[in-house]
Amino acid sequence: PLLHSELRLAIISMLIAAEEVEFSLIKEKTGATAGNISVQLNKLKDAGYIKINKSFVRNYPKTSCTISKKGVIAFEAYVENMKSYLNSKKS
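Described in the following lines is the structure provided in the data block. The written sequence of each chain sets the order in which its residues are numbered from 1. Local features are withheld for residues below a pLDDT of 70 in this predicted model, meaning they are given only at 70 or higher, and side-chain atom pairs are given and counted only at 80 or more; totals for whole chains, interfaces and linings count all residues. Excluding hydrogens and water, the side-chain figures rest on all heavy atoms present in the structure.

It is worth spelling out the pattern of salt bridges at this point. Here the idea is simple: oppositely charged side chains can pair when their charged atoms come close. Counted as salt bridges are all cases of a side-chain nitrogen of Lys or Arg within 4 Å of a carboxyl oxygen of Asp or Glu. Here the structure, examined in full by the defined rule, presents two salt bridges. A salt bridge links Glu22 to Lys62; the nearest nitrogen and oxygen atoms lie 3.9 Å apart. Of the two residues, Glu22 is situated in strand E1 (residues 21-22) and Lys62 in strand E3 (residues 60-67); the sequence distance between them amounts to 40 residues. For Glu22, a relative accessible area of 35% gives the class partly exposed. Per-residue accessibility, obtained with a 1.4 Å probe over protein chains only, is compared with the maximum for each type, and a residue is labelled buried under 20%, exposed over 50%, and partly exposed between these values. A relative accessible area of 25% means that Lys62 is categorised as partly exposed. Each helix corresponds to a stretch of at least 4 residues labelled H or I by DSSP, and each strand to a stretch of at least 2 residues labelled E; elements are numbered beginning at the N terminus.

The sheet built from three strands is open, its strands ordered E1-E3-E2 with antiparallel pairing. In this open sheet, the two edge strands, each paired with only one partner strand, are E1 and strand E2 (50-57). What makes two residues a contact is simply this: any of their non-hydrogen atoms within 4.5 Å. Where helices are involved, their axes are fitted lines through C-alpha atoms of the stretch in contact, as for all axes, and angles between N-to-C directions lie from 0 to 180°. Running over the sheet, helix H1 (residues 6-17) touches E1, E2 and E3 and is turned about 80° from E3. Sitting on the sheet, helix H3 (residues 34-46) touches E2 and E3, and the angle it makes with E2 is about 125°. Here, a strand pair is defined by DSSP locating no fewer than two bridges between the strands.

Axis separation between helix H2 (residues 23-30) and H3 bottoms out at 10 Å; the angle between their running directions is 115°. In terms of orientation, H2 lies roughly perpendicular with respect to H3. H3 is crossed by H2, and the crossing has right-handed handedness. Each of Phe23, Ile26, Lys27 and Thr30 in H2 lies in contact with H3, whose residues at this interface are Ala34, Ile37, Ser38 and Leu41. Note on residue categories: nonpolar means Ala, Val, Leu, Ile, Met, Phe, Trp, Tyr, Cys or Pro, charged means Asp, Glu, Lys or Arg, and polar means any other residue, Gly included. The residue inventory of the contact of H2 with H3, partitioned by class, reads five nonpolar, two polar and one charged. What sets the label is the angle itself: under 35 degrees gives roughly parallel, over 145 gives roughly antiparallel, 65 to 115 gives roughly perpendicular, and the rest give oblique. If you view the pair so one helix is near and one far, a crossing is left-handed when the near helix is turned anticlockwise from the far one by less than a right angle, and right-handed when it is turned clockwise.

Dropping the structure here:
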């Protein structure tokens, strides 16, 4: 259920494809508000699916995310469950 949210699934999908994704790229690609992204990132972090890294680059805050092993496993399980569901609908 955690990954079934459109925004959380989009975030996890980006992290599966890239080693690290900056907050600004998530905002750009999803079109979501900064507040909504923050809430969803914290839900993913609390579940142990991602790690949030905060730093400063030239005095500007930089927030980036990486996916954890648990997050990869959860994403793969989600994809397999969706495949099974879709295949059962074909029958």
